[in-house]
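Descriptive analysis of the structure
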Amino acid sequence: MFWGGEIYGSTVRHRTWLLWAVLLVASGCSGEGGGVATSAAVTSIGPPTTTNTMPTTTTGALPTTTSSAPTTTAQRIDVYFEGGQVVGQDQFSYALGEQVSVWVLSDDDDEVHVHGYDLFFTVTAGVPLEISVTAEIPGIFEVELESTHTLLFELVVAP
Amino acid sequence: MIRRLGVTSLIAVGLVVSFPAIALAHGIGGRLDLPVPVTYFIVGAGVVLVISFVALTVLWPEPRLQDGPRHEPARFSIPRGGLIPAVGLIGLLLVVGQLLPPLLGLDTDRTRPGIAPVLVWVVFWLVIPFGGAVVGDSYTEINPWRTLGRVLRLGQGERLWVVDRWGIWPADLLLLAFTWLELVSPGSGSAVTLGAAALVYTLLMIGSMAYAGRESGLAVFDAFTPYNRLISSISPLGRRGDGRIVWRGWLRALTVIPEWKGLAAMVVIAIGTVSYDGAAVTPWFRSAFGGLMGTVPGQTLLLVSTVLVIGLAYWVVSVVAARMVGDEWTAGRVAGRFAHTLVPIALAYAVAHYLTLILFEGQQLIAAVSDPFALGWNLFGTAERSVDFFITASEPIWYVQVGVIVTGHVLGVVLAHDRALADFGREAVRSQYAMLLLMVALTTLGLLILSA
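Residues numbered from 1 in each chain as written. Chains lettered and ligands numbered in written order. Predicted model: local features only at pLDDT ≥ 70, side-chain atom pairs only at ≥ 80, totals over all residues. Heavy atoms only, no water.

Attention now goes to the overall build of chain A. On a plain count of helices and strands, chain A comes out with three helices and nine strands. Listed by position from the N terminus, the elements making up chain A come as α-α-α-β-β-β-β-β-β-β-β-β. Among the 159 residues that make up chain A, the fraction classed as buried is 51%. Carbon and sulfur atoms form 57% of the exposed surface of chain A, whose accessible area is close to 6900 Å². (Helix = DSSP H or I, 4+ residues; strand = E, 2+ residues; numbered from the N terminus. Buried < 20%, exposed > 50% of the residue type's maximum accessible area, 1.4 Å probe, protein only. Areas by Shrake-Rupley, 256 points an atom, 1.4 Å probe, with all protein chains shown as cover.)

The structure is reproduced here in structure tokens:
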């Protein structure tokens, strides 16, 4: 994948990513619905030395708006925002009444705005954030990084 | 986390910055309609085809609408002057006033949009023209720049040659720029961007009125004056010279719209920009132009290209019709004579496209009046009111959307038929094949966009 090299660069900030990737490979879990996460693991097996730098997990720093992330299994990431680029599915579709769960990872602190539902989630750089909403309003809703109005994905709720 | 959004936005104003992944700007809301089920499309398109071919044979053989409005006094009257111009001016001040909080260094609540987006993109851009299509031109009175011109005693002498020379081409370009701000600009939802844009536009209007005279200046340079005149000409109601409300008769006012230079272009821009906005969210458009959709210059290119494609189609139709009816007709003259017949289609496109925006995002006005500048106020106790998405189900909206598009098509066909009878006489029916084809294509496209 073209973004593999960028995401798993040498900066300290990216070590968290590596952790997730390594955990993903170790557990052999592909992460349901997270096509991106699966391919991330495949492309990101870096030099073995980097595994020694495995930091303590950042899951403790998860903001209160997310549900608690699993600490033992791999974290699924559906949409990445990294270096100004959005990587992931364009749309996530749910039926009315279903529970939306889309995991987002950003390399910058920002707010994620779910339009229509008008929900704001605070996202911290390098910390996975779950966009968790009950799909109760039918329509197609933009989910943006609020400061730059960058479209992360569209939430499709079919009646 | 409150940021200096205002200052950032101010810097962003006027800059065409290429964002790596920008959202589809709709000015307001960030919500899109779900596609209309395909059965609605099939039924709608079928009705359009049948009506179109039946129209060729059944419609009247002599022109009926060309002698203009009838002016039968209505039983009611709507007072003129006073409050309505003041309301327009207050609206403008509220939008331009959005520049004050960042200038004064006040912190704004980022979760509240302020009153500017809903005022500009719902009330000013949709409700006033659509309302005008029902009750007759309401913009002329509410137009804040005319009121400002009166207050400032601008443009005492009218320079009519300005209208003759430029037609409404300057207004056309400004209308395109306005739709760019709505559909492409990343700052379309930002109160500060809108405030700055309104300030620039106000200065432009003041200059225009001072240069060309109040009425001539607005007719040539104010995008919304000719636009609202076109759309409101559909209304059976109008105002006589003495200010009295009159019944004009259906469609009659449309046939006597002055044939300004650039009239056809305005209708084309109205249809093209809405087509772009509708098409841009469809899967086939995204897969075809996905790369361009990601950047501001790319979206700008697509917006302008869509308008040009619609314009080209209309030009081809005009050339074909001109060839059929004889030497004294040029394509340009045909294009001008038939521009008004596309007005119902333009209005139908806009109503079908923006219906849910008015119904849903329009509700933001209730909250915004309590906190117009997003400073945390709660003037009327409604600041926390959120949008109720359940005021209507999807099915009635689909019926209205398809019904409006089909109705617009029928009115367009009727107007074109009547104008052709008046201008071309015996060649009328034959000359209309190309026009009918264009209208069927436009209507099918409109339905296709709704259901894609």
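What follows deals with the confidence of the model for chain B. Confidence along chain B averages 88 in pLDDT terms, with 93% of residues attaining 70 or more. Residue range residues 1-23 of chain B is modelled with pLDDT below 50. Its contacts to residues more than four positions away, or to other chains, number 54 contacts. (pLDDT = per-residue confidence, 0-100. Contact = heavy atoms within 4.5 Å.)

Below, the discussion takes up helix α11 (residues 214-221) of chain B. Residues and elements named next belong to chain B. Among the eight residues in α11, seven count as buried, and that is most of the element. Buried residues of α11: Arg 214, Ser 216, Gly 217, Leu 218, Ala 219, Val 220 and Phe 221, and no others. Turning to α11, the residues buried within the fold contact α7 (144-151), α8 (160-166), α9 (169-183), α10 (191-212) and α12 (224-232).

Before going further, it helps to spend a moment on the nonpolar core. Residue and element names in this part refer to chain B. Counting residues in each nonpolar core, the largest one holds 126 residues, and the members touching the most others are Trp 145, Phe 224 and Tyr 314. Sort the elements by how many residues they give to this core and helix α5 (residues 116-135) lands first, with twelve residues. When near neighbours in sequence (up to four residues on either side) are disregarded, Tyr 314 contacts Ala 264, Val 268, Val 334, Ala 335, Phe 338, Ala 339, Leu 342, Met 435 and Leu 438. (Core = buried A, V, L, I, M, F, W, Y, C linked by side-chain atoms within 4.5 Å.)

Moving on, we come to the environment of Gln89(A). Residue and element names in this part refer to chain A. Note on placement: Gln 89 falls in the loop between β2 (85-88) and β3 (91-95). The class for Gln 89 is partly exposed, based on a relative accessible area of 41%. Expressed as a C-alpha distance, the spacing of Gln 89 and Ile 140, which sit 51 residues apart in the sequence, is 14 Å. Within the structure, Gln 89 has its side chain in polar contact with the backbone oxygen of Gln 91 (distance 3.0 Å). (Polar contact = N/O pair within 3.5 Å; in protein donor to acceptor, adjacent residues only side chain to side chain.)

The predicted structure's coordinates, where accompanied by low pLDDT, should not be read in detail. Mean pLDDT over chain A works out to 67, with 54% of the residues at or above the 70 mark. Within the model, the stretch residues 1-72 of chain A combines pLDDT values under 50 with 90 contacts to residues more than four positions away or in other chains.

All names here are of chain B. What the rule picks out here adds up to 23 aromatic pairs over all chains. Look at Phe 373 and Trp 377: their rings are 5.9 Å apart centre to centre, the planes differ by 80°, and that puts the pair in the edge-to-face class. Assessed through its relative accessible area of 17%, Phe 373 is described here as buried. These aromatic residues form a ring-pair network of at least three members: Trp 121, Phe 124, Trp 125, Tyr 139, Trp 145, Phe 178, Tyr 201, Phe 224 and Tyr 227. (Phe/Tyr/Trp six-rings, centres within 6.5 Å; stacked < 30°, edge-to-face > 60°.)

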